[in-house]
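One letter stands for each residue in the lines below.
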Amino acid sequence: MGEVKFEIKEYYDLLNLHKALLEAKFHRHPDNELVPASPIIARLHNEIVDLLAKHDFEVKGKEDWTSWRMIENRDDYMEKAVDNAVFYDTCRHDSEWGKLSFKEKSDRAKNFLAPFTFTEKDVAVFIREVAIKLSQNKKANTAI
């Protein structure tokens with residue numbers, strides 16, 4: 001595929017694109033379960049927030065985005081990301097989370113958590129929480 005260009009010239013256009021992606025990525029039970037898991041959307045969303053942070057620092061002299069982006073400050077988004085990972089796995093005909101290596105789970109966690117920043121401990125918590133919820137769902141489904 002040839003090069004495709006898309007340009008946003010206004011700060012508030014970029015800010016609203018960020019808000020739309022945030023809504024799409026962290027909406028519980030999205031219509032398209034691939035959106036929160038997408039490495040492409042994760043990369044694009046990270047780039048957008050990087051640009052917003054750079055703009056705010058250069059224009060306003062502020063670094064508001066650093067604290068906002070830390071997942072440890074955003075329990076609500078961590079919980080939504082975990083729920084979306086569980087939803088993603090349960091939508092698949094052949095549940096795969098339990099079959100993934102720790103590295104694969106870590107890579108997937110980073111996609112679900114973007115555009116937030118996180119530590120390896122945050123990633124480990126994410127992986128553990130997904131496993132717990134999937135196990136609870138499995139037990140609930142077998143009890144029926």
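None of these values were measured; they are calculated from a predicted model. (Residues numbered from 1 in each chain as written. Predicted model: local features only at pLDDT ≥ 70, side-chain atom pairs only at ≥ 80, totals over all residues. Heavy atoms only, no water.)

*Asks:* Hey, could you run me through the overall build of the protein in this one?
*Replies:* The helix and strand tally for the protein stands at seven helices and zero strands. Ordering the α and β elements of the protein from the N terminus gives α-α-α-α-α-α-α. Across the 144 residues that make up the protein, the buried fraction comes to 38%. Put simply, 70% of the contacts in the protein that link residues at least 6 apart link residues at least 24 apart. Of the roughly 9300 Å² that the protein leaves accessible, carbon and sulfur atoms contribute 54%. Averaged over its 23 positive side-chain charges, the protein has a centre that lies 3 Å from the centre of its 26 negative ones. (Helix = DSSP H or I, 4+ residues; strand = E, 2+ residues; numbered from the N terminus. Buried < 20%, exposed > 50% of the residue type's maximum accessible area, 1.4 Å probe, protein only. Contact = heavy atoms within 4.5 Å. Areas by Shrake-Rupley, 256 points an atom, 1.4 Å probe, with all protein chains shown as cover. Lys, Arg positive; Asp, Glu negative; His and termini not counted. Charge placed at Lys NZ, Arg CZ, Asp CG, Glu CD.)

*Asks:* Sorry if this is basic, but what is going on with the confidence of the model for the protein here?
*Replies:* Should the pLDDT be low somewhere, the predicted coordinates at that spot are not to be read in detail. Residues at a pLDDT of 70 or more form 94% of the protein, whose mean pLDDT is 91. Of all helices and strands in the protein, the one with the weakest mean pLDDT is helix α7 (residues 120–143) (87), whereas helix α1 (residues 11–26) scores best (97). (pLDDT = per-residue confidence, 0-100.)

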